[in-house]
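Summary of structural features
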Amino acid sequence: MRAKAATAIGLLCATLGVGACSSTTEPSAAAAVPVVSAPPPPAPGVVGVSIGQSLDEKDRAAAIAARQEAVASGARKSWRGEHGAYGFILPGPESGSCRDYTHKIFINGRPQEAKGQACRQSGEWRVTS
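To start, this report covers the structure provided alongside it. (Residues numbered from 1 in each chain as written. Predicted model: local features only at pLDDT ≥ 70, side-chain atom pairs only at ≥ 80, totals over all residues. Heavy atoms only, no water.)

Details of unusual backbone geometry
- A positive phi angle is found at Asn108, which is not glycine, with a value near 55 degrees.
- As for its placement among the helices and strands, Asn108 is situated in the loop between β3 (98-107) and β4 (110-121).
- For Ser122, which is not glycine, the phi dihedral falls at a positive 55 degrees.
- Within the secondary structure, Ser122 is located in the loop between β4 and β5 (124-127).
- Note on Ser122: relative accessible area 83%, which makes it exposed. (Helix = DSSP H or I, 4+ residues; strand = E, 2+ residues; numbered from the N terminus. Buried < 20%, exposed > 50% of the residue type's maximum accessible area, 1.4 Å probe, protein only.)

This is the structure we're talking about:
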């Protein structure tokens, strides 16, 4: 009976790939598992302030994606949400590692405008305001 239990535990450990089931005291190679972390989410910028609060989740996502593309490329980028909101981003020239941008959003046909800034951090453009 004891042999069957040991075999069952060994099989379970092998199936799950659990290195801690080993009866040896040597460190397991599986213990050195690298930790992968996701990059921080983009700052909400002007989309996160009062203008963005008027957008639904999908329209906000379209605006954020367009803003990210515009500040990275330095070219004007338009966007249109699924629920009638639309707008465009006008990035300014790069100054040092940052660039200002203007985001014009039309909600229910009414234009709203806000300004923000994005800076290059670790090789990627991150909205800072």
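Topic: the state of the cysteines
- Inspection of every chain in the model, using the stated rule, returns 1 disulfide.
- There is a disulfide in this structure between Cys98 and Cys119, and the S-S distance comes to 2.0 Å. Its torsion about the S-S bond being 105 degrees, the disulfide of Cys98 and Cys119 is classed as right-handed. One end of the pair, Cys98, is in strand β3; the other, Cys119, is in strand β4, with 21 residues separating them in the sequence. Cys119 carries the same exposure label as Cys98, and that label is buried. (Disulfide = S-S within 2.5 Å.)

Some details on the nonpolar core
- Grouped together as the largest cluster of nonpolar side chains are 14 residues, with contacts concentrated most on Leu55, Trp79 and Ile89.
- Counting only elements with at least two residues in this core, the list comes to α3 (57-73), β3 and β5.
- Looking at which element gives the most residues to this core, the answer is α3, with 4 residues.
- Residue contacts for Ile89: discarding those within four places in its chain leaves Ala63, Ala66, Arg67, Ala70, Ala75, Arg76, Lys77, Trp79, Tyr101, Thr102 and His103. (Core = buried A, V, L, I, M, F, W, Y, C linked by side-chain atoms within 4.5 Å. Contact = heavy atoms within 4.5 Å.)

Topic: the environment of Ala118
- With respect to the secondary-structure elements, Ala118 resides in strand β4.
- Judged by relative accessible area, Ala118 falls into the buried class, the value being 0%.
- As a C-alpha pair, Ala118 and Ser97 span 21 residues in sequence and 8.6 Å in three-dimensional space.
- Not counting the four nearest positions on each side in its chain, Ala118 is found in contact with Val71, Ser97, Cys98, Arg99, Tyr101, Trp125, Arg126, Val127 and Thr128.

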